[in-house]
Amino acid sequence: MPRTVILGVIGSDAHVVGITILEQALSAAGFDVVNLGVQTSQADFVTAAKANDAEAVLVSSLYGHARQDCEGFHDRLAEAGVDVPTYVGGNLAVGQDDFEATRERFREMGFDRVFDAETDPEEAIAALRRDLRITTTEGEQVRVDS
């Protein structure tokens, strides 16, 4: 049975190419992807995660204002009773010179995994498999059944 993940671009960001590529990669890896598209509110992420019994939430942002868009995100998830791994990736800060500082900032905000804009989708998928404890056999089985 495929694992459901929620994917979308948060806030006012309208960059669609990255999540389209990620959606295709996740689907090919056997995940059931609910793609919320661009300019997605925190409330929409939370509603989708709850309604779809999601096992992870993946947030994308490329326009550099992710910190503002993600502020309080984990509080909303907790209020809704959604306790799943959360990922954020992209160009998360304007003038992002030191990505390690950016990564630490987003971890402090509650994100389990933080990726920069240069991350290969396979790296995110490998992390997702580890976090969800998906075995290679289970991943292969999901691909065959889908």
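Residues numbered from 1 in each chain as written. Predicted model: local features only at pLDDT ≥ 70, side-chain atom pairs only at ≥ 80, totals over all residues. Heavy atoms only, no water.

## Regarding the overall build of the protein chain
Formally: Numbering of helices and strands runs from the N terminus; a helix is a DSSP stretch of H or I covering at least four residues, while a strand is a stretch of E covering at least two. Our radius of gyration is a C-alpha quantity, and the globule rule it is checked against amounts to 2.2 Å times the number of residues to the power 0.38. Buried, partly exposed and exposed residues are distinguished by accessible area as a fraction of the type maximum, computed with a 1.4 Å probe on protein chains only: under 20%, between the cut-offs, and over 50%, respectively. In this description, contact between two residues means that some pair of their heavy atoms is separated by no more than 4.5 Å. Per-residue and other accessible areas were derived by the Shrake-Rupley procedure at a 1.4 Å probe size, with only the shown protein chains allowed to occlude residues. Counted as positive: Lys and Arg. Counted as negative: Asp and Glu, with His and the chain ends omitted from the count. Note on charges: their place is set at NZ of Lys, CZ of Arg, CG of Asp or CD of Glu.
Scanning the protein chain from N- to C-terminus turns up seven helices and five strands. Across the protein chain, helices and strands are ordered from the amino to the carboxyl terminus as β-α-β-α-β-α-α-β-α-β-α-α. Rg of the C-alpha trace for the protein chain: 14 Å, near the compact-globule value of 15 Å for 146 residues, within the 12% margin. Viewed in the frame of its principal axes, the protein chain has a C-alpha envelope of about 45 × 30 × 25 Å. Within the protein chain, buried positions represent 45% of all 146 residues. At a minimum sequence separation of 6, the contacts of the protein chain that also span at least 24 residues come to 76%. With an accessible surface of roughly 7,600 Å², the protein chain has 46% of that area assigned to carbon and sulfur atoms. Once the 12 positive and 26 negative side-chain charges of the protein chain are each reduced to a mean point, those two points are 4 Å apart.

## Structural notes on unusual backbone geometry
Even without being glycine, Gln39 reaches a positive phi, approximately 50 degrees. Along the polypeptide, Gln39 turns up in the loop between strand 2 (32-35) and helix 2 (42-51).

## Here's the deal with the pattern of salt bridges
Stated formally: Salt bridge criterion: a side-chain nitrogen from Lys or Arg within 4 Å of a carboxyl oxygen from Asp or Glu.
Throughout the structure, instances matching the rule amount to three salt bridges. The closest approach of N and O atoms between Arg3 and Glu55, which form a salt bridge, is 2.9 Å. Taken together, the positions of Arg3 in the segment before strand 1 (4-9) and Glu55 in the loop between helix 2 and strand 3 (56-61) put the pair 52 residues apart, joining distant regions of the chain. Note on Arg3: relative accessible area 15%, which makes it buried.

## A closer look at the sheet that holds strand 3
For clarity, the cut-off: Here, any two strands with at least 2 DSSP bridges between them count as paired. Lines fitted to the C-alpha atoms define the axes, with helices restricted to the stretch that makes contact. Angles between their N-to-C directions range from 0 to 180 degrees.
Pairing within the open sheet is parallel, and its five strands lie in the order 2-1-3-4-5. Lying at the two open borders of the sheet, with one neighbouring strand each, are strand 2 and strand 5 (113-116). Recorded for the sheet is a direction-independent mean angle of 20 degrees between the axes of neighbouring strands. In this sheet, strand 4 (residues 86-90) lies alongside strand 3 in parallel orientation, the contact comprising five bridges. The residue of strand 4 that forms the bridge with Leu58 is Tyr87. On top of the sheet, helix 2 reaches strand 1 and strand 3; it is set at about 165 degrees to strand 1, its chief contact. Against the sheet, helix 5 (residues 99-108) engages strand 4 and strand 5, with an angle of about 150 degrees to strand 5.

## Points about the packing of aromatic side chains
For the record, the criterion: Stacked, tilted and edge-to-face are the three classes assigned to paired rings of Phe, Tyr and Trp, where Trp is represented by its six-membered ring and a pair needs centres within 6.5 Å; plane angles under 30 degrees give stacked, over 60 edge-to-face, the rest tilted.
Taken as a whole and judged by the stated rule, the model has four aromatic pairs. Through a chain of ring-to-ring contacts, three or more aromatic side chains come together here, namely Phe45, Phe73, Phe106 and Phe111.

## Regarding the side chain of Ser60
Along the chain, Ser60 turns up in strand 3. With residues near it in sequence (within four places) discarded, Ser60 still touches Gly8, Val9, Ile10, Ile19 and Gly89.

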